[in-house]
Amino acid sequence: MKITADVLGETLLKELARQLPADGLWRLDEPKLWWLTEKQRKAYRAIQNQSSYSSLVENEEKSLAASIDEILEGMHPSYSVADLGCGNGEKARLVLAAAKQHGQSPVYMPVDINPVYVTTASKAASGYAPVIPLHADFMTLNLTKLGSDANLVLFLGNTYGDFPPKRILDYLHKNLRAEDLLVFSTQTSDSGVESIVENYYDKKVEAWLWQMMAALGFGKEMASYRLRYHRKERAMELSYDVLGVPQQLQKIGMQPGDSIIAVSTRKPSTESFLADVAPYFAVTLYSSEGSNQLIIGARRK
C-alpha cells in the first residue's frame with residue numbers, strides 16, 4: 001500500500017499519543033518510521049548520494065570483502081542468506097559472488113521495510129542466487145521459520161546503532177539457531193567522534209527528517225532543529241525543539257518547550273560493543289586493522 005503524507009501523519013500521531021512523556025521528550029526515533037513514504041525515501045537517497053556517506057559504505061565493503069572467505073568457510077552445506085535491512089543489496093552481492101566461487105548456492109532473502117530497497121537488492125543478486133524478496137519490518141519476522149537448514153544472517157550498514165542494545169540483541173539471539181551465523185557491523189568511535197558528528201551537520205539530513213514534522217502539521221517557524229552528541233552513551237541525537245504546537249498535538253499534551261527526538265544512533269567503542277554482545281553470542285572479529293568499521297561473526301550461546 002502506498003503511504004501518503006496524511007497516513008504518515010496519522011501513524012506518527014498514534015506513536016506520540018501512546019507516549020505522554022513526563023519530561024517533555026517525545027520520540028520518533030523508531031527506524032521503521034523513517035522510510036514509510038516515497039518522499040522520505042527520496043530524501044534519504046539524496047543523503048546516500050553524497051561523498052561522506054559513500055566513504056562509510058566503502059569502508060564497510062572493504063572490511064567485509066577482506067573477511068568473506070573466512071565467513072563462508074564455516075557455513076552449513078545448505079543455507080540461506082537473510083539480509084536484514086538489505087538496502088541496495090551491494091554488500092550482500094559481495095557475499096553471494098564469493099559463495100558462488102566457493103561452489104555454494106544459497107537462497108538470498110532481502111528484507112526491508114522499504115519496498116524500493118527490496119526490489120533493488122533483488123536485482124543486485126540476480127545471476128548469483130535464487131531470490132525470495134521479503135518486504136517487511138524484520139523485527140516482526142521469525143528467522144528460524146524461513147525454511148532453510150541454516151541461515152547466514154547479514155545485519156550490516158550500521159543499523160545496529162539505531163536500536164537500544166538490549167532490544168536488538170534479544171531479537172537477534174531469539175532468531176538464531178546453533179547452525180546459523182550472524183554477521184553484523186557497526187561504525188565505532190574508537191578514532192574520535194569529530195568526523196562522525198560532522199556528517200550529521202547536513203541540510204539533506206534535516207530535509208529528510210522534516211518529512212515527519214511536516215506530516216504532523218508543523219510549519220518551519222514551529223520547530224527548531226538541533227543536534228547533540230551524548231559522550232557517555234556515544235550517541236548522536238537529532239531532534240526538534242517545539243516552539244509552536246499543531247492543534248492535533250495540543251490534544252495529546254504536547255507543549256512549547258518540549259522536544260521531539262527524530263534519530264538517536266549509537267557509535268560505540270569496540271570495547272563497549274563487544275561487551276554488549278558477549279552475553280548473547282560467541283564472537284569472531286573480522287574487521288580489518290585500522291578500520292573504524294567493526295564487523296563480527298556471531299553464533300548463539
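No experiment lies behind these values; they were computed from the predicted model shown. (Residues numbered from 1 in each chain as written. Predicted model: local features only at pLDDT ≥ 70, side-chain atom pairs only at ≥ 80, totals over all residues. Heavy atoms only, no water.)

### Describing the packing of helix H2 (residues 38-48) against helix H8 (residues 203-215)
Where H2 contacts H8, the two axes come as close as 8 Å, and the packing angle between them is 170 degrees. Here H2 lies roughly antiparallel to H8, going by the angle between them. Contact residues: H2 offers Lys39, Gln40, Ala43, Tyr44, Ala46 and Ile47, while H8 offers Lys204, Val205, Ala207, Trp208, Gln211 and Met212. Tallied by class, the residues present in the contact of H2 with H8 amount to 8 nonpolar, 2 polar and 2 charged. (Axes fitted to C-alpha atoms, helices over the stretch in contact; angles between N-to-C directions. Helix = DSSP H or I, 4+ residues; strand = E, 2+ residues; numbered from the N terminus. Parallel < 35°, antiparallel > 145°, perpendicular 65-115°, else oblique. Contact = heavy atoms within 4.5 Å. Nonpolar A, V, L, I, M, F, W, Y, C, P; charged D, E, K, R; others polar.)

### Quick look at the sheet that holds strand S1 (residues 25-27)
Within a sheet, each strand pairs with its neighbour through backbone hydrogen bonds, oriented either parallel or antiparallel. Strand order in the open sheet formed by 4 strands is S1-S9-S8-S7, with mixed pairing between adjacent strands. Looking at the sheet topology across the chains shown, the edges are occupied by S1 and strand S7 (223-230). Within the sheet, the average angular offset between the axes of one strand and its neighbour, ignoring direction, is 30 degrees. The sheet contact formed by strand S8 (residues 235-242) and strand S9 (residues 259-266) spans 7 bridges and is antiparallel. Pairing of Met236 across the sheet is with Thr265, part of S9. (Pairing = 2+ DSSP bridges.)

### A short note on unusual backbone geometry
Phi is mostly negative for residues that are not glycine, and the peptide bonds are mostly trans. Phi at Leu20 takes a positive value of approximately 45 degrees, unusual for a residue other than glycine. In this fold, Leu20 is placed in the loop between helix H1 (5-17) and S1. The class for Leu20 is exposed, based on a relative accessible area of 58%. Even without being a glycine, Asn158 presents a positive backbone phi close to 65 degrees. Position of Asn158 relative to the elements: it lies in the loop between strand S5 (150-155) and helix H6 (165-174). Residue classification places Asn158 among the buried residues on the basis of a relative accessible area of 11%. (Buried < 20%, exposed > 50% of the residue type's maximum accessible area, 1.4 Å probe, protein only.)

### A short note on the pattern of salt bridges
Following the criterion strictly, the structure yields 11 salt bridges and no others. Arg167 is the salt-bridge partner of Glu30, the closest N and O atoms lying 2.8 Å from each other. Residue Glu30 is located in the loop between S1 and H2, and its partner Arg167 is located in helix H6; the two are separated by 137 residues in the primary sequence. Using a relative accessible area of 35% as the deciding quantity, one classes Arg167 as partly exposed. Through salt bridges that share partners, Glu38, Arg41 and Arg45 make up one connected network. (Salt bridge = Lys/Arg side-chain N within 4 Å of Asp/Glu carboxyl O.)

### Examining the side chain of Ser185
Structurally, Ser185 can be placed in strand S6 (residues 181-187). Judged by its relative accessible area of 0%, Ser185 falls in the buried class. A distance of 2.5 Å separates polar atoms of two side chains, one belonging to Ser185 and the other to Glu60. In this structure the side chain of Ser185 is engaged in a polar contact, spanning 3.4 Å, whose partner is the backbone nitrogen of Gly157. Excluding its chain neighbours within four sequence positions, the residues that come into contact with Ser185 are Glu60, Phe155, Leu156, Gly157, Asn158, Tyr160, Gln293, Leu294 and Ile295. (Polar contact = N/O pair within 3.5 Å; in protein donor to acceptor, adjacent residues only side chain to side chain.)

### As for helix H5 (residues 115-125)
Burial in H5 covers these residues: Tyr117, Val118, Ala121, Ser122, Ala124 and Ala125. Taken down its axis, H5 places every buried residue within 160 degrees of arc, on the same side. Two or three places before Val116, at the opening of H5, Asn114 has a side-chain oxygen 3.0 Å from that residue's backbone nitrogen. After H5 finishes, the residue Gly127 shows a positive phi value of roughly 95 degrees. (Arc of directions from axis to C-beta.)

### Quick look at the environment of Gly24
The residue Gly24 is located in the loop between H1 and S1 in this model. Note on Gly24: relative accessible area 10%, which makes it buried.

### Regarding the nonpolar core
Counting 65 residues, the largest nonpolar core has Tyr108, Leu152, Trp208, Leu209, Phe218, Leu238 and Met254 as its most contacted members. In terms of residue count, the dominant contributor to this core is H8 (7 residues). Setting aside residues up to four positions removed in sequence, Leu238 forms contacts with Tyr200, Val205, Leu209, Tyr225, Arg226, Leu227, Ile260, Ile261, Ala262 and Val263. Among the nonpolar cores identified, the runner-up in size contains 23 residues, and Val153, Tyr171, Leu176 and Val277 belong to it. (Core = buried A, V, L, I, M, F, W, Y, C linked by side-chain atoms within 4.5 Å.)

### A short note on the packing of aromatic side chains
Each aromatic ring pair is summarised here by two numbers: the centre-to-centre distance and the angle between the ring planes. Applying the stated rule across the entire model yields 15 aromatic pairs. A centroid spacing of 4.9 Å and a plane angle of 55 degrees characterise the contact between Tyr44 and Trp208, whose relative ring orientation is tilted. Highlighted residues: Tyr44 in helix H2 and Trp208 in helix H8, separated in sequence by 164 residues. Trp208 matches Tyr44 in its accessibility class, with the two residues each being buried. On the numbers, 5.6 Å between centres and 75 degrees between planes, the contact of Phe138 with Phe155 is edge-to-face. (Phe/Tyr/Trp six-rings, centres within 6.5 Å; stacked < 30°, edge-to-face > 60°.)

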